Amino acid sequence: MAFRKIACWFGLAAVVGAVPWTVDDLLLAERGGQLELSRDGQWMAWIESRMDKEKGESVANVKLRRIRADDEYTLALTRGKDTHAQPAFSPNSQRLAFLSSRKDPEAEKKPEEPGAGPGMQVWVADLRGGEPEALTSFAKGVRLFRWIDNDTLLLAAQENPSLHAQRVKERKDTSMQVEDERHEPPVRLWKFDVKSKRATRFLANADRISGLVVADDGAWAVTVHDRSLRYIYDSKVRPATWLHDLKTGTSTQLFTDSKLMPEQIAFRLDSKGFYFSAHYSSHPVYTNANVKRLYFYDLAAKQMAEVPLDWERGIGPGFAVTPDGFFALLANGARHKAARYTRGATPNTWQRAWIEGEHAAQLHGVKIAGATVVYEYSTASLPAQWYRARLNGERLEAPKKQTDFQAGWAKRTFAKTEVLTWKGAKGDTVEGILYYPQNYEAGKKYPLIAAIHGGPHVADFDYFADRWGYPSNLLAQRGALILKVNYHGSSNYGLAWGESISGGNYNELEWIDVETGVDALIAKGMADPARLGLMGWSNGAIITIELTTRTQRYVVASAGAGDVNWISDWGNCVFGHSFDDYYIGKVPMDDPQLYIKKSPLFRMDKVNTPTIIFFGTEDKQVPTEQGWQHFRALQHYGKADTKFILFPGEGHGPRKYVHQKRKLEEELAWFDKYLFKTLADENEALKPESPLSAALKRRTLAAKMETAQRGDLAIGRFEVTRAQYQAFDAQYAVPPGTADWPANGITFEKARAYCEWLSKREGKRYRLGTEEEMKAHLKASAKDNTLDAWAGYALNPDDAGRLASLVEGLGPAVLLKPVGSYAGQGEDPLFDLGGNVAEWVVDAKGEGKVLGGSADRPADASATAAARPEFTGFRVVHEGGK
């Protein structure tokens, strides 16, 4: 194996106070997308998405940032639980329009239009001030839009419902005719006047517009039209490309004699033509595996020419237009290669210069206005952020971070990563990304998990990609190496590599690339051959399943939405014919034996790898029936433990918070059981926050300090007990039978001294929590051991006063109970936050302050009387993980 290090960012494994990763860290993190830059280079906007636990789904809002050097700030243009998309600045950079699912209060006052249904509408915000305003009110919403000028938009929206559609709705008929071309509403082009809020049809097309771009001068537009509902299935009726003269109203279909299908389209800044990328493949029909080539269409000459990139692997994720050419991110394996192309003196001649600068090798989502460049920067060990820089020739200068996504991850340990190569199938060089376990030690062997990407014609990049599908840092935290493999058929490595698994070669090379990568790490003494695992989603699951039928050395596997039977896939999958005909080389009716040979279903008798299977019940890309067949076949032979998890209402990947969380928790538990051997037997009848659970935990309190994570802070699960405190202060008296009671009568100075002693004993810094950290947790509660519980009712101040003498007459601290006698709070519970002893914290001046409820005081939040000294104790905290 040849290790080629092109990205390495060491995490915080050796830093005191590092905080462990949690499932929610991955699921609840905010992320940016759909970056836009105003023409004057003074504003940037993006869509910031995050999972909303209460809603149970992701929400997406518009963020706006002023980026003048002397005037920088960020605004949340929208808030709440609606979804927003497609931010676009007006030509004069004074307004920002966007799509929103928010309901217009004015529209809700009007009678519902016939056939009205859910859909996003265009809203606009004046950057000089004021609230965003709803513009459109199309019955089925707006699909796409672009500015023509400062007061006019060009929209793609579904036509108003036909009589047929209205009658179907009136009948409440939920039946569906598959591929009903006759009644599928067209998506047409409309001009929209912003001032009057009036829409007029620009085009009476019968098909469905799926792409729209407008020239900067507002005179021209290009649209892409889907002409067949079954194109995704069989690739027969291709989308069409149209050029529209917005001044005269005339339209011309382009590229009628070729199979060119524009993907990214961008007009030249002088509006004299447009660039576009398009998939190229050697196959006469399909473009499943491809390279993206770049073309330019000259409006005056009415001619199209390929731009000579002089780069065999083609365009990567995209390009951005400059005054004298374009800025391109070229495909280059696990990393893109950034270049600036400048027009030459003669037609279609170009000079290429490689981009230089601190972030040049890791750019994504580039936008350019004049000399201002905004872009995304990330590595596999560094989460993505937006940056602004100055483009000086081929140099990116003075990069400055503009966002602070995932600020809550500041104390997490990020796995060290490397890009590496090895010899794979047919002796070809394979590239992949290796994630190292936390606290990696050279010479030591570790569990290895091959995390295999989907596609197949996509790739894993040197880019931070931890999500619900591939939780690399959660696995590295458990002590595993993680290998991501860009196997034969992956994108970004050229046409020959992408097409190498087509025409009957599907799943003949890919699994070998994974196997040889695993072998290479074993040969280097890094991976333990007795502790190997597999995981993947979609095509990654397909390769995972294939490997379990080829070898018995993997001790655990996770397969999400993976095929096992290609015969049924051909008809059931939404793109079944085009995928199977291209990769397998035939249709099943012509060669059923070939399809049986390719289907792992008929080799399930060889599987002994414990396999967990995940599927959405509404998956049309890999139909749910594939999961059932996989599960039933493993059950039938009974050689491998298996579990099948279905996500109701979900498609090819879970979108709901509860389903993503279930996927990660089930998967991690599966690997804990079979790979890491750390899963303890759980009693499903035992609630973690119950007093019974607390009683079981109390048995080990003398040996260790139990903590529970709350953000970046690890908080003592219980108040420090008398037995724990006596280990520090031998003179502290512990009456028989009270060792598990909270230490009481403790002064602030003594509590601090205990923390210092404990820190030396445990090798990590324990302390008292600050008032700011603990005030949200330590609140008197009638559900805990307070005087209310002893009195049997909610005490008011008068009744509490009447009981005071009785409490004092009982003797010192008689009302205390063993820690954890009442139900705890949270999934990873904390006990006695609301009662037992009140607790010492450190206030803003560094002095001691008592917070929380106690057994001698009522739970009344308005009460001001402090706990008696004999009802005062403490709990410890430390920064970082448990």
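Just so it is clear, the structure is predicted and the values come from calculations on it, not from any experiment. (Residues numbered from 1 in each chain as written. Predicted model: local features only at pLDDT ≥ 70, side-chain atom pairs only at ≥ 80, totals over all residues. Heavy atoms only, no water.)

**What to know about the overall build of the protein chain**
Convention followed: Each helix is a run of H or I in the DSSP string that is no shorter than four residues. Each strand is a run of E no shorter than two, and both are numbered from the N terminus. It is over C-alpha atoms that the radius of gyration is taken, and the globule rule equals 2.2 Å times the number of residues to the power 0.38. Each residue gets one of three labels from its accessible area relative to the maximum for its type: buried under 20%, exposed over 50%, partly exposed in between, using a 1.4 Å probe on protein chains only. The contact criterion used is simple: two residues touch if any of their non-hydrogen atoms lie within 4.5 Å. Note on areas: Shrake-Rupley, 1.4 Å probe, and residue coverage restricted to the protein chains presented here.
The secondary structure content of the protein chain amounts to 19 helices and 43 strands. Over its C-alpha atoms the protein chain spans a radius of gyration of 32 Å, differing by no more than 12% from the 29 Å that the globule rule assigns to 882 residues. With the C-alpha coordinates aligned to their principal axes, the bounding extent of the protein chain is approximately 100 × 65 × 65 Å. Per-residue burial over the protein chain gives 54% buried out of 882 residues. Long-range pairs, those at least 24 residues apart, make up 61% of the contacts in the protein chain between residues at least 6 apart in sequence. Here the protein chain has roughly 38100 Å² of accessible surface; of this, 50% comes from carbon and sulfur atoms.

**Focus: the environment of W354**
Among the secondary structure elements, W354 is positioned in strand β25 (residues 350–354). With relative accessibility at 30%, the residue W354 sits in the partly exposed group. Other than its neighbours up to four places away in sequence, W354 contacts W311, L330, K337, A338, A339 and E394.

**Side note on the pairing of strand β32 (residues 446–452)**
Basically, it comes down to this: For two strands to be treated as a pair, DSSP must find at least two bridges joining them.
Summarising burial for β32: seven of the seven residues are buried, a large majority. Alignment of β32 against strand β34 (residues 527–537), held across six bridges, turns out to be parallel. Pairing of I449 across the sheet is with G533, part of β34. Here β32 pairs with strand β33 (residues 481–486) via three bridges, running parallel. Residue pairing in the sheet places L448 in a bridge with L481 of β33.

**Quick look at the side chain of R208**
Where we set the bar: Each polar contact in these results corresponds to two N or O atoms within 3.5 Å; when the atoms are within protein, one needs to be able to donate a hydrogen and the other to accept it, and residues that are neighboring in sequence are counted only if both atoms are side-chain atoms.
Tracing the sequence through the fold places R208 in strand β14 (residues 208–214). Note on R208: relative accessible area 10%, which makes it buried. In terms of polar contacts, R208 uses its side chain to reach the side chain of E181, at 3.3 Å. When near neighbours in sequence (up to four residues on either side) are disregarded, R208 contacts E181, E184, P185, P186, V187, V224, H225, D226, R227, S228 and L229.

**Observations regarding the sheet that holds strand β26 (residues 363–369)**
The test is simple: Only the stretch in contact is used when fitting a helix axis, every axis being a line fitted to C-alpha atoms; angles between N-to-C directions are given from 0 to 180 degrees.
In space, the four strands of this open sheet follow the order β26-β27-β28-β29, with antiparallel pairing throughout. The open sheet has two edge strands, β26 and β29 (395–401), and neither has a second partner. Across the sheet, the mean angle separating the axes of adjacent strands is 30° when strand polarity is ignored. Sheet topology places strand β28 (residues 382–392) next to β29; five bridges connect them, and they run antiparallel. Residue pairing in the sheet places N392 in a bridge with R395 of β29.

**Details of the pattern of salt bridges**
Stated precisely, the cut-off is as follows: The working definition used for a salt bridge is a side-chain nitrogen of Lys or Arg within 4 Å of a carboxyl oxygen of Asp or Glu.
Under the criterion given, the structure shown has 63 salt bridges. Close ionic contact of E546 with R550 constitutes a salt bridge, the shortest N to O distance being 2.8 Å. One end of the pair is E546 and the other is R550, both in helix α8 (residues 539–550) and four residues apart, which spans about a single turn. The class of E546 is buried, set by a relative accessible area of 1%. Accessibility expressed as a relative area gives 39% for R550, which makes it partly exposed. R717 serves as the salt-bridge partner of E706, at 2.7 Å between the closest nitrogen and oxygen. Within this pair, whereas E706 is found in the loop between α14 (691–698) and β38 (707–710), its partner R717 is found in the loop between β39 (713–716) and α15 (722–728), the two being separated by eleven residues in sequence.

**Looking at helix α13 (residues 657–674)**
Test applied: Residue count minus one, scaled by 1.5 Å, sets the expected span of a helix.
Here α13 contains 18 residues, and its C-alpha end-to-end distance of 26 Å stays within 8% of the 26 Å for a straight helix at 1.5 Å per residue. The element α13 is largely enclosed, with a buried count of 13 among its 18 residues.

**A closer look at the environment of K598**
In this structure, K598 sits in helix α11 (residues 592–598). Residues K598 and V564, spaced 34 residues apart in sequence, show a C-alpha to C-alpha distance of 8.7 Å. Once residues within four sequence positions are removed from consideration, K598 is found in contact with G504, N505, Y506, E508, E546, W566, I584 and R603. At 2.8 Å, the side chain of K598 and the backbone oxygen of Y506 are in polar contact.

**Notes on the pairing of strand β6 (residues 84–89)**
Among the six residues in β6, five count as buried, and that is most of the element. The antiparallel pairing of β6 with strand β7 (residues 95–100) creates a hairpin that spans five residues between the two strands, and S93 there sits at a positive phi of about 60°.

**Looking at the sheet that holds strand β42 (residues 872–873)**
Strands sit in the order β41-β40-β42 across an open sheet of three strands; the sheet is mixed. One side of each edge strand has no neighbouring strand; the edge strands of this open sheet are β41 (848–851) and β42. Each of β40 (838–842) and β41 is contacted by helix α16 (residues 748–762), which is oriented at about 75° to β40, the strand it contacts most.

**What to know about the packing of helix α7 (residues 510–523) against α8**
Note the threshold: Here the angle decides the label: under 35 degrees means roughly parallel, over 145 means roughly antiparallel, 65 to 115 means roughly perpendicular, and every other value means oblique. Asp, Glu, Lys and Arg are counted as charged, while Ala, Val, Leu, Ile, Met, Phe, Trp, Tyr, Cys and Pro are counted as nonpolar; the rest, among them Gly, fall into the polar class.
Across the interface, α7 lies against α8 with an axial gap of 9 Å and an inter-helix angle of 70°. Between α7 and α8, the crossing angle belongs to the class labelled roughly perpendicular. Counted together, E510, W511, V514 and E515 of α7 and I543, E546, L547 and R550 of α8 form the full contact between these two elements. Per-class residue counts for the contact of α7 with α8 are four nonpolar, no polar and four charged.

**Some remarks on the packing of aromatic side chains**
Heads up, the condition is: Two rings from Phe, Tyr or Trp (for Trp, the six-membered ring) form a pair when their centres are within 6.5 Å of each other. A pair whose planes differ by under 30 degrees is stacked, one over 60 is edge-to-face, and the rest are tilted. Any Lys NZ or Arg CZ found within 6 Å of a ring centre and within 35 degrees of that ring's normal is scored as a charge over the ring.
Using the criterion set out here, one finds 52 aromatic pairs in the structure. An angle of 45° between the planes, with centres 5.9 Å apart, marks the rings of F575 and F579 as tilted. Judged by its relative accessible area of 10%, F579 is buried. Following the ring pairs from residue to residue traces out a cluster consisting of Y286, Y506, W566, F575, F579, Y582 and Y583. If you follow K337 out to its NZ or CZ, it ends over the ring of W354, 4.6 Å from the centre. Cation over ring: K817 sits above W790, and NZ or CZ is 5.1 Å from the ring centre.

**So, unusual backbone geometry**
For the peptide bond that leads from G455 to P456, omega is 10°, which places it in the cis range. If you trace the backbone, P456 turns up in the loop between β32 and α5 (472–477). Although it is not a glycine, Q86 adopts a positive phi angle of roughly 55°. A positive phi angle, close to 60°, is found at S93, a residue other than glycine. Secondary-structure assignment places S93 in the loop between β6 and β7. Judged by its relative accessible area of 4%, S93 is buried.

**Things to note about helix α10 (residues 576–583)**
In an α-helix, one full turn covers 3.6 residues, which means residues spaced three or four apart are oriented alike. Taken across its eight residues, α10 has eight buried, putting it largely inside the fold. Buried residues of α10: G576, H577, S578, F579, D580, D581, Y582 and Y583, and no others. Where α10 is buried, its residues contact α4 (231–234), α6 (495–499), α8, α9 (566–572) and α11. Taken from the residues just after α10, G585 is the one with a positive phi, measuring 100°.

**What about the confidence of the model for the protein chain?**
To keep it simple, the criterion reads: What pLDDT reports is the predictor's confidence in each residue, on a scale of 0 through 100.
Mean pLDDT for the protein chain: 93, with 96% of residues reaching 70 or above. Predicted confidence is poor over residues 111–117, with pLDDT under 50, and the contacts of this stretch with residues over four places away or in other chains come to twelve contacts.

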